[in-house]
Amino acid sequence: MVDTASREAFVEFERVQKSYDGETLVVKDLNLALPKGEFLTMLGPSGSGKTTCLMMLAGFETATHGDIRLDGVAINNIPPHKRGIGMVFQNYALFPHMTVAENLSFPLEVRKIGKSDREKKVKRALEMVQMGDFGGRRPAQLSGGQQQRIALARALVFEAELVLMDEPLGALDKQLREHMQFEIKRIADNLGITVVYVTHDQTEALTMSDRVAVFNDGKIQQLAPPDTLYEAPENSFVAQFIGENNTLEGKVREITNGVALVELDNGDLIDAKPINVSKPGERTRVSIRPERVEFNLDRLEEGSHTLKAEVQEFIYMGDIFRTRLKVAGKDDFIIKTRNAPDQVRLKPGEVVEIGWQAEDCRALDAN
Amino acid sequence: MSASFTPFVLTFDNKNNGDDMSNASEAPTPDDGLNLTDNENTGPVLAADGTPLKRSLGRALRRQKLRALMLIAPLLIFVLLTFIAPIADMLFRSVENQIVSETLPRTVVALDDWDSTTGELPSEAVYEAAYYDIFIAAERKLHTRLGSRLNYELTGASSLFRKSGRGLDDLGEVYQDQFEDLNEAWEDGETWALLMGSGDWQDKAYAWEKSSGDLAPKLELREGIEELLPKTAAAYSSFANFVRVDDGDNPATEDPWSPVYTAFWQDLTGGATVASYSGPEAELLMEAANAAGGFESTTFSEGFAGIDKDWASTPIWQTIKTYSPKYTSGYFLNSVDMQKTPDGPELRDANERIYGILFKRTMFMSMVITISCIMLGYPVAWILANLPARTANLLMILVLLPFWTSLLVRTSAWKVMLQQQGVINDVLVWLGLVGDGDRLVMINNQFGTIVAMTHILLPFMILPLYSVMQTIPPTYLRAAKSLGATNWTAFWRVYFPQSVPGIGAGSILVFILSIGYYITPEIVGGTTGTFISNRIAYHISSSLNWGLAAALGTILLAVVMILYWAYDKIVGIDNVKLG
Ligand SMILES: Nc1ncnc2c1ncn2[C@@H]1O[C@H](COP(=O)(O)OP(=O)(O)OP(=O)(O)O)[C@@H](O)[C@H]1O
Ligand SMILES: [Mg+2]
């Protein structure tokens, strides 16, 4: 990992391991480098080690092994309060005995910034999160969204270049969460700060981030921009974790011209793009996004393999139709079609042929 | 423990949060659009059966309240009987003073006209009233009680009254002897009954049998005798009543006591028109009336002076007059080192003042104990709150261990530890830090009391602190550090303020408990380390001056309530959390 890219990296994890109990590794061999100004999201199921990584970066946990560097300086031995990292906690951690303004001026006071300067900065930070009138309130007198914004303002008010956010929107309802996602992204872009953001909401990760690190089992499964992550998952965990996904299991029969012919467990044949498979005979799990499935066979390439599917259920969802099919013996195959004037509405019981472009169907590892 | 334990109820609610939320929607906020408000207002709302909703809600709630009341009734009754009632009784006793006016009713009335400030002795009428009052009190054995009551105010009153009880009998016997010498018939109870009582009453009285279990018939005076011999009638009535009620005997057959003779002599020499009397024993009466003028006699004041010269000086009379009202502020004045004088309340002489010092010492030492408890308890509670639950529970047992050991054992253990030949001194001497000759005095003084009581009350500080600290999430400290605060700043600015409610609760508990503590200061306090409660206990069990004890207790209660009120004003009582 020691190459030119890493020297420019602002935050860097190198071969970091972490164990709490000396028996199991919560973080296994983490390598991560992010440049200044990047908005990186750590996404992963509960218990996958996201918070642990964040805490190591903030200095509240020490890495069992490996180096964490900030701006090229190893910070393993720098105490948390000297790291200058802004942090938004999962439950906001606004000090209940201080007013909003006092909360915000706390980091400035401990930095011995003069009173008038302090007031100016607090005011600016409050205005930035559109909470200018709330300086005199106590945190308990604010709604969840307002508290969240204050927590954000507090993490930004001392002009930290790196801000860590641990599921800051976890406690908010959907509408407010979407509003705040937009807000956070806007502020982060305006200030040009580097953000490490933790969530287990994949939509949030996809909409906000420059890059997403998908965590599972203490490892980064894939680190990529959102579109790549969605369209080109590198393994079946990522494929299943990000977005909706249909999977079919089978064995590779042959690979020709970058297209793998996969024989499903019931004997049907399909085309797929080989990702984690290299030779015939390997077991694979193929993954195909519901919106990439075609049942209008005219749009498919000549000679493509198709599968028989029986319509189980048709769900009208407004902007899209969602149809559940029984394919290759499994009845959880979903296809999504746009609600357009000429769109066909399939009826339960109907039998159709479905197919797809070979590059939309990814043959991944079998587990 | 029971003497020192103050039952104590803390209420805590979080109403603040709720109230203040209501105005959170005044200013427009970006998410205002998300809040749906329903401000429609249409008349009183009706319940399903047509009654106003408010009323049917009230009815439903009343039933709930009633049921709740029934659940707490046993405790309520218990508290009423064992707590509220004794306190009310104590408050009453601290001002109650009926003993003087009940024991000396005539004297109190007679003293009304006496001006105690002139320095003159009271009039003969006062002495006369006192003669009858004290004599009757002595017969009832009440004079010593009154003596000890007045002794609180005037030293020597107790022995004066004890002496007078005997002496006044001699005073009357002078007349008794002379009448009896004149005619033996006066020795006889029946003669008196015949003379004083109505015929009806005599018939009933002679028919009465002691074994019947009823009281003897109540004296009915002979018609006209009251006008003829008013004082004799009064004295004989008192006598008859005493014999009848207190002794359970028949007044008609008992020989009268000496004041009857005194009164009789007074009446006869006071110009009674004996000639007009025509009832039984008229001759006997005539004979006595003729002889009485030549009897040997003294005035009452001389008689009193003869018993004790204190009666011939003003202080005892001033004291009786000052304490004759039914209610008195005397106990309270006493409790603050003042006394009642004819010129109003005055501070006592400097060498007689003790309660002010004791109150101040109690406050001061309780404060020191509270502060020591905070100093020692805070770190312990911190560690307990930040340890994993299993270890914390184990250590909690160590904190609670003192609770499971007898208070006496713990206090005595401190005696063993701290005394001059005790463990600590031995160790210090052995280490050579202290010479064998000048071992430290650590017990039977304030230091001993503070050490022992800090140890005993420590759990009362640790427990509320611990439960408050447990509710402070560690993320606050982390947040503070991530914002750039050093460990100390993070603790002091963020953690400590949030633990203040625990300190508040612990301090209130410890302070109030220690202010009323009694056993430990008694054992290890010596003379300089005792509390006001030790004085209260002394007055309750040794000097039997319950009024003063009650007044001291009332002041203590008032001080606690004032402190509690002040605490509420300064810190806010809803900032007190026990968990
Ligand atoms: N202080 C700790 N002591 C021991 N184990 C811990 C500690 N903190 C976390 N763990 C363990 O480490 C693993 C990773 O925890 P972490 O908090 O990093 O998960 P996460 O990815 O943030 O999950 P979530 O999305 O639920 O917040 C979990 O298995 C957790 O049980
Ligand atoms: Mg987490």
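Conventions used here
- Residues numbered from 1 in each chain as written.
- Chains lettered and ligands numbered in written order.
- Predicted model: local features only at pLDDT ≥ 70, side-chain atom pairs only at ≥ 80, totals over all residues.
- Heavy atoms only, no water.
- Helix = DSSP H or I, 4+ residues; strand = E, 2+ residues; numbered from the N terminus.
- Buried < 20%, exposed > 50% of the residue type's maximum accessible area, 1.4 Å probe, protein only.
- Contact = heavy atoms within 4.5 Å.
- Salt bridge = Lys/Arg side-chain N within 4 Å of Asp/Glu carboxyl O.
- Phe/Tyr/Trp six-rings, centres within 6.5 Å; stacked < 30°, edge-to-face > 60°.
- Near = heavy atom within 4 Å.
- Polar contact = N/O pair within 3.5 Å; in protein donor to acceptor, adjacent residues only side chain to side chain.
- Areas by Shrake-Rupley, 256 points an atom, 1.4 Å probe, with all protein chains shown as cover.
- UniProt positions renumbered as here; feature names shortened; annotations may be inferred.
- Expected span 1.5 Å × (residues − 1).
- Core = buried A, V, L, I, M, F, W, Y, C linked by side-chain atoms within 4.5 Å.
- Axes fitted to C-alpha atoms, helices over the stretch in contact; angles between N-to-C directions.
- Parallel < 35°, antiparallel > 145°, perpendicular 65-115°, else oblique.
- Left-handed = near helix turned anticlockwise from the far one by under 90°.
- Nonpolar A, V, L, I, M, F, W, Y, C, P; charged D, E, K, R; others polar.
- Buried area = accessible area lost by both parts, 1.4 Å probe.

Asker: Tell me about the overall build of chain A, and please be specific about residues and values.
Answerer: On a plain count of helices and strands, chain A comes out with nine helices and 19 strands. If you line up chain A on its principal axes, its C-alpha atoms span 75 × 50 × 35 Å. Here chain A holds 367 residues, and the buried ones make up 51% of them. Long-range pairs, those at least 24 residues apart, make up 66% of the contacts in chain A between residues at least 6 apart in sequence.

Asker: How would you sum up the pattern of salt bridges? Please name residues and give values.
Answerer: All names here are of chain A. Tallied over the entire structure, the rule returns 39 salt bridges over all chains. Arg-69 is paired through a salt bridge with Asp-67; the nearest N and O atoms lie 3.9 Å apart. When salt bridges that share partners are traced, they join Glu-12, Glu-14, Asp-67 and Arg-69 into one network.

Asker: How would you summarise the packing of aromatic side chains if you had to cite specific residues and measurements?
Answerer: All names here are of chain B. If you walk through the whole model with that rule in mind, you get 40 aromatic pairs over all chains. With a centroid separation of 5.5 Å and 70° between ring planes, the pair formed by Phe-239 and Trp-257 is classed as edge-to-face. Here the residue Phe-239 occupies a position in helix α11 (residues 230-247), and Trp-257 occupies one in the loop between α11 and α12 (258-269), the gap between them amounting to 18 residues. Overall, Phe-239 belongs to the buried group, its relative accessible area being 3%. A relative accessible area of 10% means that Trp-257 is categorised as buried. A ring pair is formed by Phe-304 and Trp-311, whose centres lie 5.1 Å apart and whose planes are at 75°; its orientation type is edge-to-face.

Asker: Provide a residue-level description of the site of ligand 1, including the pertinent values.
Answerer: All names here are of chain A. Around ligand 1 sit Tyr-20, Val-26, Ser-46, Gly-47, Ser-48, Gly-49, Lys-50, Thr-51, Thr-52, Glu-167 and His-200, and those are all the residues in its vicinity. At a separation of 3.4 Å, a nitrogen atom of ligand 1 approaches a polar side-chain atom of Tyr-20. At 3.2 Å, a backbone N or O of Ser-48 approaches an oxygen atom of ligand 1. Contact with the protein chains covers 58% of the free accessible surface of ligand 1, which is 630 Å².

Asker: So what about the UniProt feature "domain: ABC transporter" (unreviewed entry) in chain A? Which residues, and what values?
Answerer: Per the UniProt record, "domain: ABC transporter" (unreviewed entry) is found at residues 11-242 of chain A. As annotated, residues 11-242 of chain A comprises 37% helix and 24% strand, and the C-alpha atoms at either end are separated by 25 Å.

Asker: Account for α12(B), with residues named and values stated.
Answerer: All names here are of chain B. Here α12 contains twelve residues, and its C-alpha end-to-end distance of 17 Å stays within 8% of the 16 Å for a straight helix at 1.5 Å per residue. Judged by how many residues are buried, α12 sits mostly within the fold: eleven of twelve residues are covered. Here α12 has its buried residues at Ser-258, Pro-259, Val-260, Tyr-261, Thr-262, Ala-263, Phe-264, Trp-265, Gln-266, Asp-267 and Leu-268. Residues of α12 that are buried in the fold lie against α5 (124-139), α7 (157-182), α8 (189-196), α11, α13 (282-292) and α14 (300-307). Residue Gly-271 follows α12 closely and has a positive phi angle near 90°.

Asker: So what about the nonpolar core? Which residues, and what values?
Answerer: Leu57(A), Phe95(A), Phe106(A), Leu162(A), Leu164(A), Val196(A) and Leu457(B) are the most contacted members of the largest nonpolar core, which has 111 residues in total. Among the elements that make up this core, the one with the highest residue count is helix α21 (residues 446-470) of chain B (eleven residues). Residue contacts for Phe106(A): discarding those within four places in its chain leaves Phe95(A), Met98(A), Ala480(B), Leu483(B), Ala485(B), Arg493(B) and Val494(B). The next biggest cluster of nonpolar side chains, apart from the first, holds 67 residues, and it includes Ala130(B), Leu168(B), Phe264(B) and Leu268(B).

Asker: Can you break down the packing of helix α18 (residues 389-400) of chain B against α21(B) residue by residue, with the values?
Answerer: All names here are of chain B. Closest axis-to-axis distance for the α18/α21 pair is 10 Å, and the angle between their directions is 155°. By the criterion of interaxial angle, the relationship of α18 to α21 is roughly antiparallel. Considering the relative orientation of α18 and α21, their crossing is left-handed. On α21, the residues that touch Ala-392, Met-396, Val-399 and Leu-400 of α18 are Pro-459, Ile-462, Leu-463 and Tyr-466. Considering only residue class, the contact of α18 with α21 consists of eight nonpolar, no polar and no charged.

Asker: Please provide a residue-by-residue account of the interface of chain B and chain A, values included.
Answerer: Taken together, the contacts link 26 residues of chain B with 35 residues of chain A. Of the roughly 2700 Å² buried between chain B and chain A on both sides combined, carbon and sulfur atoms contribute 63%. When the buried area of chain B at its contact with chain A is split by residue, Arg478(B), Leu483(B) and Arg493(B) rank highest and sum to 26% of it. Here chain B is connected to chain A by two salt bridges. Between Arg478(B) and Glu61(A) there is a salt bridge; the shortest N-O distance is 3.4 Å. Counting every contact that joins chain B to chain A gives four residue pairs in polar contact (both at pLDDT 80 or more).

Asker: Now, about the UniProt feature "transmembrane region" (unreviewed entry) in chain B: what can you tell me, with residues and values included?
Answerer: Residue and element names in this part refer to chain B. This chain's UniProt record puts "transmembrane region" (unreviewed entry) on residues 68-88, 363-385, 392-409, 447-468, 500-519 and 546-567. Split by type, residues 68-88 is 100% helix and 0% strand. Its first and last C-alpha atoms lie 26 Å apart. The distance separating the terminal C-alpha atoms of residues 447-468 is 30 Å; by composition the span is 100% helix and 0% strand.

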